[in-house]
Amino acid sequence: MRDLGALVASLVVGAGLVGVPLPASAATTPVTCSAVVPVYAVDSGGKLRWYGHRQGASGTDAWADGSGREIGHGWNTLTKVFSGGAGVIYAIDRDGDLKWYRHLAPSTGEEGWAPGKRTVIGTGWHDIVDAVSTGSGVIYTLDRSGDLRWYRHLSPTTGAEGWAAGSGKVIRSGWTAVTRLMTGRDGTLYGVNTKGYVRWYRHTDPRGGGTAFGEGTGLVVGEGWDGYRSMSAAGGGVMYGLDLTGRLWWERHADPLAGAPVWQARRTARTGLAGLTSVFADATACAANTSFSGYAAGRQGQTLAYRNGRVRAAFTVGARTALTFGDLRTLTEANSKASVATRARVSLLPAPWALGAPWAGEWLDRPRDAGEEDLLAIATQYLAQAPDRTKDGLRYAGDADYGPLLADGTRQEGSDFNDYLGVPWSYPGKTDAPEAKQKGALDCSGFVRMVFGYRGGLPLGVEGAMPAGALPRRAVEMAEDTAPGVTVIDGKGAKPASYADLQPGDLLFWDGSSDDGTAIDHVGVYLGIDSTGRHRFVSSRKSVNGPTLADVGGPSTLDGEMLYDRSWRKARRI
């Protein structure tokens, strides 16, 4: 898949969506940065150093002359240092005093400070876990009680002491697991927790300090950030992370305005920084382009389609499924204590995705019926206690069994979608008659074929009758590269090392049985990160007699050191 990512990255970013003329004033990229993004750093000796990143919008390793220049000393006496934008720097000392500085040359890095540097503009800033600013004097702090507080410094340019009414109020609580904050301007906040998950928040009143947050607030948009020892954001979704080896990474959350869980491919921005203890980028150096409509390269072979600065859809080269984003909803089951809150919708495309597809513009902009069902919603219609759905006398959905009960107390495999329906199904050159005893039942691959095939519209095949692009009958066949879609994660016979490239709707494959060697023997559908912080899926299992996303008979999660954690091997995107 990394070669797919390189292919997409090589395409022209910002090309107009096919069939949809762009307005004359439209931006040509989804993010704009200043010619030089100031990145400040404190080294192990307490020296403040300046670096100027010339490619903040793309992450390319290109730096201004003088990068690494010392512009201050004694900064190791401070407990928190963060950017206020446009050269403004705030720092908290060991006594809990908040101090103000303004660097006069943030774009070139010359040493020079505005009068009044080190002015104390606030006291009592003790027990702060982290503090960030979105610019214009707006500051957020997270304390050890898990309270997020809002402040607005009235004179960020001159450093005069003075605060807006309400400064210091708690606007959010319960953030005890959050260890780091980052900002994306205009009320966008990111919280990084102890597991390395990045959660997105939209504060709707950053200037006035109201307590309201937008829809989707708190959803996980990224993971794997526990590998950074210091991190900071420059606005517009652009972020920098310093790892343990001294490598500075550029990352960009591709949808800071609406919080879709999509990213551009991360890049090494600079190496050789092992002597630094912390980095912080200018908080207002970049901004999302609210007028951008077009394509941009995402991570791992993705193409991101934008409308007015927000990601409308995420496509993957060679895949028939696409992610779109709608209102927040919750995926759960009657007997499940966990649930998945998500804005993601998974839909089947007319053909495998390729940039320049002639149907793309029409598909993106077609009106969506408010009651239109995506593949994730369809999958939940076969869970425990799901109500029956019928059309013309045919029961096509409702609580499904796994298969008939055998004499040894186990469930028989072999229940396909047409067995559940109780109808024959014709393939090229053959017809498969339903098994009467399997009516209302779906085994693991039969469940996937019901959701993606019979209900979703993907062509289906069986052994001896396999049309091009058809979904095979067995899990082991679905896992092969000859099946529809693309492989996005492959553990090569072992558990994959990372979940980061998964997206809702991906097919997951396991080697869960010991009686068939190392062959793939189970398949399910990934849903997302659940209310307990685990990676949850839905699949049809013998132990619970049918499709489930609950934890009866073993957790339906990829983490937790149980069967479906240990035996996970692969993920493919149809």
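Please read these numbers as outputs of a predicted model, since none were measured by experiment. (Residues numbered from 1 in each chain as written. Predicted model: local features only at pLDDT ≥ 70, side-chain atom pairs only at ≥ 80, totals over all residues. Heavy atoms only, no water.)

A.B. asks: What's the story with helix α5 (residues 444–455) in this structure? I'm lost.
C.D. replies: Helical geometry: 3.6 residues make up each α-helical turn, so side chains three or four residues apart lie on a common side. End to end, α5 covers 16 Å across 12 residues, agreeing with the expected 16 Å (1.5 Å per residue, within 8%). The buried fraction of α5 amounts to 11 of the 12 residues, a majority that puts the element mostly inside the structure. When we look at burial in α5, the residues that qualify are Cys444, Ser445, Gly446, Phe447, Val448, Arg449, Met450, Val451, Phe452, Gly453 and Arg455. (Helix = DSSP H or I, 4+ residues; strand = E, 2+ residues; numbered from the N terminus. Expected span 1.5 Å × (residues − 1). Buried < 20%, exposed > 50% of the residue type's maximum accessible area, 1.4 Å probe, protein only.)

A.B. asks: Got a minute to help me understand the side chain of Asp530 in this structure?
C.D. replies: One can find Asp530 in the loop between β34 (522–529) and β35 (535–541). Side chain to side chain, Asp530 and Thr532 meet in a polar contact 2.7 Å long. Within the structure, the side chain of Asp530 is placed 3.0 Å from the backbone nitrogen of Gly533, a separation counted as a polar contact. (Polar contact = N/O pair within 3.5 Å; in protein donor to acceptor, adjacent residues only side chain to side chain.)

A.B. asks: Looking at this structure, how should I read the nonpolar core?
C.D. replies: Across soluble globular proteins, nonpolar side chains show a tendency to be buried alongside one another. Ranked by size, the top nonpolar core spans 52 residues in total, and within it Tyr382 and Phe452 carry the most contacts. Here this core gets six residues from one element, more than from any other, and that element is α5. Other than its neighbours up to four places away in sequence, Tyr382 contacts Tyr396, Ala397, Gly398, Asp399, Ala400, Tyr420, Leu442, Phe447, Met450, Arg455 and Pro547. Membership of the second largest hydrophobic core comes to 20 residues, among which are Val37, Val238, Leu242 and Ala269. (Core = buried A, V, L, I, M, F, W, Y, C linked by side-chain atoms within 4.5 Å. Contact = heavy atoms within 4.5 Å.)

A.B. asks: Is there a simple way to explain the state of the cysteines in this structure?
C.D. replies: Among covalent bonds in proteins, the disulfide is the one between the sulfur atoms of two cysteines. Enumeration over the complete set of coordinates arrives at one disulfide. With a sulfur-sulfur separation of 2.0 Å, Cys33 is cross-linked through a disulfide to Cys286. Taking the sign of the S-S torsion, about 110° here, the bridge from Cys33 to Cys286 comes out right-handed. Residue Cys33 is located in strand β1 (residues 31–33), and its partner Cys286 is located in strand β22 (residues 286–288); the two are separated by 253 residues in the primary sequence. (Disulfide = S-S within 2.5 Å.)

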